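# What the coordinates show
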Amino acid sequence: VRREVSLRTREALHGYGFVLIWVIGFLLFTLLPLAETLRYSFNQVTVAATSIDLRFVDWANYTRGLFTDPNFVELLIAYTVETLVSIPIVLIFAMIIAMFLNLKFRLKGLFRVIFFLPIVITSGPVIKELTAQGAASAPGIADIPAVVEFLEELPRALRTPVEYLLTSFILILWFSGVQILIYLSSLQKVDRSIYEAASIDGASSWEMFWKITLPSLSTATVVNAIYTIVTLSHFSENKVIRYIYAQTYDVQGGIGYASAMAFIYFAVMIVLLTVIYLFLSQWAKRGSR
């Protein structure tokens, strides 16, 4: 018993050690700027040559962002819709590729590198240049007559997400590298004897996927969904982030208004994370029974 307790204690300490690094970094480099940004969001901020002048405006910046700035609200709605469309595509693609990489074949390590490589270049000036050159999307698809006719037949609520999916599926799949590795690690932990027993009982490959593989990946699916939302939300080419950044130096905006929009955006992201987490957690509980 002592050995078991000691092992659990060591594992817990290892976990807390990894988390502690992030906590220390957050306290040293993020907490103070976050608090200052929150303070700026309730003020009209004027940057002078020698100081930063604040004039308290209460909730004016927040009400402006939510009720009098149609561009910002439209971007928030588009962000929510595009994220909800991207999540299932990324999860399904990552799961399929992970199952493929879990098979035994030659050059498996090379394929893992190929699928993970986009993660290395999806930030900074590289992805900005690729996006500017059109390498991250396929806008010409939406101009094909058959596709245009198909989109026109769709209800207005479905037209925008479907068009986004058709034109941006390349960019969506670029965000699948980490999710593939998480799914792959989960698949490798499934005992092969379970599949052998199911095969002896006459279960087909399709039945084993729904009864064994998919429930085994339920926790990984929750983790991947949360990771996907966070990744898409802080992506450097995210339209909401670019709009907030532009308003920081705009005469009609300013640091105070941009700070308020940043916190509104953060609140929307938290709500989205909560909804997806609760939905997938309930599914994971049902799958583990």
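Think of each chain on its own: its residues are numbered from 1, step by step along the sequence as written. With pLDDT at 70 or above as the cut-off, local features in this predicted model cover only qualifying residues; side-chain atom pairs require 80 or more to be listed or tallied, and sums for whole chains, interfaces and linings still use all residues. Side-chain calculation: all heavy atoms of the structure are included, whereas hydrogens and water are not.

Turning our attention to the overall build of the protein. Scanning the protein from terminus to terminus reveals 14 helices and 2 strands. Sequence separation of at least 24 residues holds for 69% of the intrachain contacts in the protein that already meet a minimum separation of 6. For helices the rule is a DSSP run of H or I covering at least 4 residues; for strands it is a run of E covering at least 2, with both sets numbered from the N terminus onward. Here, residues are in contact when the closest pair of their heavy atoms is within 4.5 Å.

Next up on the list: the packing of aromatic side chains. When the centres of two rings from Phe, Tyr and Trp lie within 6.5 Å, Trp using its six-membered ring, the rings pair. Their planes under 30 degrees apart give stacked, over 60 give edge-to-face, and anything left gives tilted. Overall, the coordinates contain 10 aromatic pairs when judged by the stated rule. Lysine and arginine charges are scored as sitting over a ring when NZ or CZ, respectively, is within 6 Å of the ring centre and within 35 degrees of the ring normal. Here the basic side chain of Arg64 rests over the ring of Tyr257, its NZ or CZ set 3.9 Å away from the ring centre.

Nonpolar side chains tend toward joint burial in soluble globular proteins. Formed by 40 residues in total, the largest nonpolar core has its most connected members in Phe72, Tyr79, Tyr183, Ile229, Val240 and Ile244. Secondary-structure elements contributing two or more residues to this core are helix H4 (70-101), helix H9 (177-188), helix H11 (205-216), helix H12 (218-233), helix H13 (239-248) and helix H14 (255-288). Per-element accounting of this core gives the leading share, 13 residues, to H14. Excluding residues within four positions of it along the chain, Phe72 makes contact with Gly65, Val240, Tyr243, Ile244, Met261, Ile264 and Tyr265. Only buried residues count toward a nonpolar core, which is a set of Ala, Val, Leu, Ile, Met, Phe, Trp, Tyr and Cys residues joined through side-chain atoms within 4.5 Å. Under the scheme applied here, a residue whose accessible area is under 20% of the maximum for its type counts as buried, over 50% as exposed, and between as partly exposed, the area being computed with a 1.4 Å probe on protein chains only.

Mapped onto the elements of the fold, Asn238 is located in the loop between H12 and H13. Taking the C-alpha atoms as reference points, Asn238 and Tyr79, 159 residues apart in sequence, are found 8.3 Å from one another. Within polar-contact distance, the side chain of Asn238 engages the backbone oxygen of Leu232 at 3.0 Å. As used in this structure description, the phrase polar contact means that two N or O atoms lie within 3.5 Å; if the pair is within protein, one of them must be able to donate a hydrogen and the other to accept it, and residues adjacent in sequence are counted only when both atoms belong to side chains.

Our focus in this paragraph is the pairing of strand E2 (residues 52-56). Between any two strands, pairing holds if DSSP finds at least two bridges. Pairing of strand E1 (residues 43-47) with E2, which is carried by 5 bridges, proceeds in the antiparallel orientation. In the strand pairing of E2, Val45 is matched with Leu54. Counted between consecutive antiparallel strands, the loop separating E1 from E2 contains 4 residues.

This part takes up unusual backbone geometry. Although it is not a glycine, Asp58 adopts a positive phi angle of roughly 60°. Following the sequence through the fold, Asp58 ends up in the loop between E2 and helix H3 (60-68). A relative accessible area of 38% means that Asp58 is categorised as partly exposed.

In short, the description is geometric, and any link to function would need to be established separately.
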